[in-house]
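Analysis of the macromolecular model
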Amino acid sequence: MYLAYSLYGLCLQTNLPLPGLIPRPSASKIDAHVWLQFIPDALLGKSETQAKLVYASQNQDELGEPVLKAWELMDGSFFRLRYSDGTEFVIDREGAQIWCTWPDNLTIEDTTVYLLGPIFGFVLRLRGTLCLHASAIAVGEYAIAIVGPAGTGKSTTAAALAKSGFPVLTDDVLALTDMDGIFMAQPAYPHLRLWPASVNILYGKPDALPRLVPGDSLWDKRYLNLTENDYMFQRHPLPLASIYLLSERTEDSAAPFIESMSASAGLMTLVTNTYANHLLNTSRRAQEFGLLSRIASSLPVRRVIPHASPFFLSKLCEVIINDFHQQVESNRMSTAEEAQL
């Protein structure tokens, strides 16, 4: 039995249920096939000495080994990605076939953490889809993106906005597709992943939400189900209208506040916040830079300075939403004035 899912604007077919995703009716067009706990012998038998090592992460495990290594197989027809915990993926060059296996001490939930995040981030890049390391929220008929380095509070801010009634598109990988010059933000999966510290800020105790991976797992993240308790998951793509960069927190009494950014500064912000670009070749990086330049020149990129205290989180959300509404109103008035000329 095969199941179909929607993820990042793609229709997937899997041989086993994927935790955290909602099955959809079977579709006539499948964009990618995911084979769970199976890698063909022809690919599995390729030893590391027969492959070309193309990436080793700087992050290391407790034994000093890279957390992630990647090889090219068969002259670049396939990629093999192996995590230090023994989870392994093989992906074809087109990003249309994904195989994965995991050791007996891990679960399908562990593997899904990799699959829905960095692995599909890489798959999207192989398929030519631009990805930002960002959360995205629906505000009316538009999407706004919240970008920033790891630890700046993207998912926490998205969860706070979700508590205020705004639908969420994604909290980690923002896939953008170019539709005749309009960049559409694609929905990811219907939950938010949060560290216990963020859960404590939002809900008063670090274990207020269930674990992302059940049981005694190394993954300490929690998840917020966006299909329950009046939360909303934005299931359809929306045009991206504005980008907010979360900057370093401050004790300034004026915080949180928002500053404008030049197009060049906005471009550099986008370049440094692209997702899964460590395996891209030169031509794909050049294509990516062209798309980022178009986004930076056509959409506002705004710098957000949050207050260091978590007590200002709701105020931060209010400042972002008010700023966006002011932009929409300003654009409406400009359009009306141009129409009268």
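A brief structural summary. (Residues numbered from 1 in each chain as written. Predicted model: local features only at pLDDT ≥ 70, side-chain atom pairs only at ≥ 80, totals over all residues. Heavy atoms only, no water.)

1. A few points about the pattern of salt bridges
Close approach of charged atoms lets side chains of opposite charge pair. Inspection of every chain in the model, using the stated rule, returns 12 salt bridges. Taking the shortest distance from any N to any O, the salt bridge between Glu288 and Arg125 comes out at 2.0 Å. Placement of the pair is Glu288 in helix α6 (residues 282-298) and Arg125 in helix α2 (residues 108-126), with a sequence separation of 163 residues. Each member of the pair, Glu288 as well as Arg125, carries the same accessibility label: buried. Connected through salt bridges with shared partners, the residues Lys29, Asp31 and Arg127 form a single ionic network. (Salt bridge = Lys/Arg side-chain N within 4 Å of Asp/Glu carboxyl O. Helix = DSSP H or I, 4+ residues; strand = E, 2+ residues; numbered from the N terminus. Buried < 20%, exposed > 50% of the residue type's maximum accessible area, 1.4 Å probe, protein only.)

2. A closer look at unusual backbone geometry
Residue Pro256 is reached from Ala255 by a cis peptide bond, and omega for that bond is 0°. Structurally, Pro256 is set in the loop between β16 (238-246) and β17 (257-260). At Asp230, a residue that is not glycine, the phi angle is positive and equals roughly 70°. Among the structural elements, Asp230 can be located in the loop between β15 (222-225) and β16. The class of Asp230 is exposed, set by a relative accessible area of 75%.

3. Things to note about the nonpolar core
Counting residues in each nonpolar core, the largest one holds 39 residues, and the members touching the most others are Tyr8, Ile98, Leu115, Ile119 and Phe120. Here the element with the most residues in this core is α2; it accounts for 10 residues. Once residues lying within four places of it in the same chain are set aside, the contact partners of Ile119 are Leu81, Tyr83, Phe89, Ile91, Ile98 and Tyr114. By size, the runner-up hydrophobic cluster in this structure holds 31 residues, among which are Ile144, Val168, Val319 and Phe324. (Core = buried A, V, L, I, M, F, W, Y, C linked by side-chain atoms within 4.5 Å. Contact = heavy atoms within 4.5 Å.)

4. Overview of helix α3 (residues 154-163)
Burial runs high along α3: nine of the 10 residues are buried. Inspection of α3 places Lys154, Ser155, Thr156, Thr157, Ala158, Ala159, Ala160, Leu161 and Ala162 among the buried residues, and these make up the whole buried set. One or two residues past the end of α3 sits Gly165, with phi positive at roughly 100°.

5. Details of the packing of aromatic side chains
Per the stated rule, a full pass over the model turns up seven aromatic pairs. Relative to Phe89, the ring of Tyr83 lies with its centre 6.4 Å away and its plane at 80°, an arrangement referred to as edge-to-face. On the accessibility criterion, Tyr83 (7% relative accessible area) is buried. We classify Phe89 as buried; its relative accessible area is 0%. Among the aromatic residues, those joined into a ring-pair cluster are Tyr83, Phe89 and Tyr114. Here the guanidinium or amino end of Lys163 rests over the ring plane of Tyr203, the centre of that ring lying 4.9 Å away. (Phe/Tyr/Trp six-rings, centres within 6.5 Å; stacked < 30°, edge-to-face > 60°. Lys NZ or Arg CZ within 6 Å of the ring centre and 35° of its normal.)

6. Thoughts on the state of the cysteines
For the coordinates displayed, the defined rule picks out zero disulfides. Not engaged in a disulfide, the cysteine Cys11 finds its nearest cysteine sulfur in Cys100; these two sulfurs lie 17 Å apart. (Disulfide = S-S within 2.5 Å.)

7. Brief notes about the environment of Phe38
Structurally, Phe38 is set in the loop between β3 (32-36) and α1 (41-44). Along the primary structure Phe38 and Trp102 are separated by 64 residues, whereas in three dimensions their C-alpha atoms are 9.2 Å apart. Those residues in contact with Phe38, other than ones at most four positions away along the chain, are Trp99, Cys100 and Thr101.

8. What to know about α2
At Leu115, α2 is deflected by roughly 40°, the largest bend along its length, and proline Pro118 occurs up to four residues later in sequence. Most of α2 sits out of view: 17 of its 19 residues are buried. Trailing α2 by a residue or two, Gly128 shows a phi angle of about 85°, which is positive. (Bend = angle between axes of the 7 residues up to and from the residue.)

9. Describing the environment of Leu68
As for its placement among the helices and strands, Leu68 is situated in strand β5 (residues 68-73). Accessibility expressed as a relative area gives 10% for Leu68, which makes it buried. Sequence separation between Leu68 and Ala56 is 12 residues, and the spatial gap between their C-alpha atoms is 5.9 Å. Those residues within four positions of Leu68 in sequence are excluded, and the remaining contacts are Tyr55, Ala56, Ser57, Leu81, Arg82 and Tyr83.

10. Remarks on the pairing of strand β13 (residues 182-185)
Consecutive side chains along a regular strand alternate between the two faces of the sheet. Relative to β13, strand β12 (residues 173-179) runs antiparallel, the two sharing four bridges. In the strand pairing of β13, Leu176 is matched with Ala185. Taken together, the two bridges between β13 and β16 define a ladder with antiparallel strand orientation. Looking at β16, one finds that Ala185 is bridged to Leu238. (Pairing = 2+ DSSP bridges.)

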